[in-house]
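One-letter residues, chain by chain:
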Amino acid sequence: MTAALELAEYGCKVVLVEKENRIGGNAAHLACMALDKCQKCNGCLVEPRLVKAQAHPGVEILTDTTVSSISKNGDGFAIGLTGGSGESQAKADAVVLATGYEPYQAAGKPRYGYGRFENVATVLELDVELRQTGQITNRVSGQVPKKVAFVQCVGSRDVLRNNYCSRICCGFALRMGRMLTHRFGTEVTVFYMDIQNFGHVYKPTLEAAKQELRLVRAMPSDVFPGEDGQVVVQYFNEADATSEFEPFEMLILSIGLAPGKENKALAEMAGLTLNDYGFFEPTAGENKTGLFLAGTAVKPLDVAEVVASAERAAQETISYLEEN
């Protein structure tokens, strides 16, 4: 949306192709994490851009549409499109690939009980619930939970799967944990390997979290069903060298960011390169062929970083169009 708006404001006619039935991607589900003061979660950057993109006369939005082909057509491109109205083709002088990311599928970590225990949820599911209802609820009792645990690095930094840091998860969990504590009086525990220091407000967020949350440097080894829908977490207590079993009303999984499912096919169509993890190589958009990359198509980024990346991609596109 940011890249489209930047280009449209410059005077370009933009066609925004979206595979879902609405624009905004995963970011459109983000809930505000504000306490008495803003936590700088940057979720508020999304809504104004969404509204403006939908209303801008220079942006044509094609939802429920996928790219079936990308080919050079003289100095520009011919883009094959598939939607409810069948096959069509668009012509473009330049292309910005902003494919976003796929949330890691939590069922890929079966030991955490996702899909088996009702009160095991992902942070994104909680975010949707918070945005829609203003609170979170225990799936069994229907009440606001008073004791929850977050598990970090679910689908990140895993040598067998996605062996990279998703960058946003630590800050996201700490902000959400603080918000639950402030708004609902929820007791929050965070299980982690280590806290990553990405983001411009990392230090104050971490310092506040240390005062308000229980941070446990241990990764749960197993999860069991408890009484009344509780989730019992087993973890190793280094201080006592013992295995602990602790019940929580809810277990919240901080899932990582995986590359877009269409990246491989799009890379083949466009003659671009993916890295070992499946993200587009960042140098691919700098080869002056008219193809540019934005946001989490390249790597995991937070909302503010995505906006900056999209603005940069739009400026590179404008420079290319001026030169050609």
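One can find the structure itself at the top, above this paragraph.
The model shown is predicted, which means the values in this text are computed figures rather than measured ones.

(A) How the structure looks around the packing of helix H1 (residues 2-10) against helix H2 (residues 46-55). Two numbers describe how H1 lies on H2: the axes approach to 10 Å, and their chain directions differ by 50°. Taken together, the axis directions place H1 and H2 in an arrangement best described as oblique. Note on packing geometry: the crossing formed by H1 with H2 is left-handed. Contact residues: H1 offers Thr2, Leu5 and Glu9, while H2 offers Arg49, Lys52 and Ala53. By residue class, the composition of the contact of H1 with H2 is 2 nonpolar, 1 polar and 3 charged.

(B) Region of the structure containing the packing of aromatic side chains. In total, this model carries 6 aromatic pairs according to the counting rule given. On the numbers, 5.6 Å between centres and 75° between planes, the contact of Tyr164 with Phe279 is edge-to-face. Note that Tyr164 is positioned in the loop between strand S9 (147-154) and helix H4 (169-184) and Phe279 in the loop between helix H6 (263-270) and strand S17 (291-293), a separation of 115 residues in sequence. Residue classification places Phe279 among the buried positions, given a relative accessible area of 2%.

(C) Structural view of the sheet that holds strand S5 (residues 86-92). Taken in spatial order, the 3 strands of this open sheet run S3-S4-S5, and their pairing is antiparallel. The outermost strands of the open sheet, each flanked by one partner alone, are strand S3 (66-73) and S5. Ignoring strand direction, the axes of neighbouring strands in this sheet form an average angle of 20°. Summarising the sheet, S3 and strand S4 (residues 76-83) pair through 7 bridges and their orientation is antiparallel. From the neighbouring strand, Thr66 faces S4, where its bridge partner is Thr82.

What counts, and at which threshold
- Residues numbered from 1 in each chain as written.
- Predicted model: local features only at pLDDT ≥ 70, side-chain atom pairs only at ≥ 80, totals over all residues.
- Heavy atoms only, no water.
- Axes fitted to C-alpha atoms, helices over the stretch in contact; angles between N-to-C directions.
- Helix = DSSP H or I, 4+ residues; strand = E, 2+ residues; numbered from the N terminus.
- Parallel < 35°, antiparallel > 145°, perpendicular 65-115°, else oblique.
- Left-handed = near helix turned anticlockwise from the far one by under 90°.
- Contact = heavy atoms within 4.5 Å.
- Nonpolar A, V, L, I, M, F, W, Y, C, P; charged D, E, K, R; others polar.
- Phe/Tyr/Trp six-rings, centres within 6.5 Å; stacked < 30°, edge-to-face > 60°.
- Buried < 20%, exposed > 50% of the residue type's maximum accessible area, 1.4 Å probe, protein only.
- Pairing = 2+ DSSP bridges.

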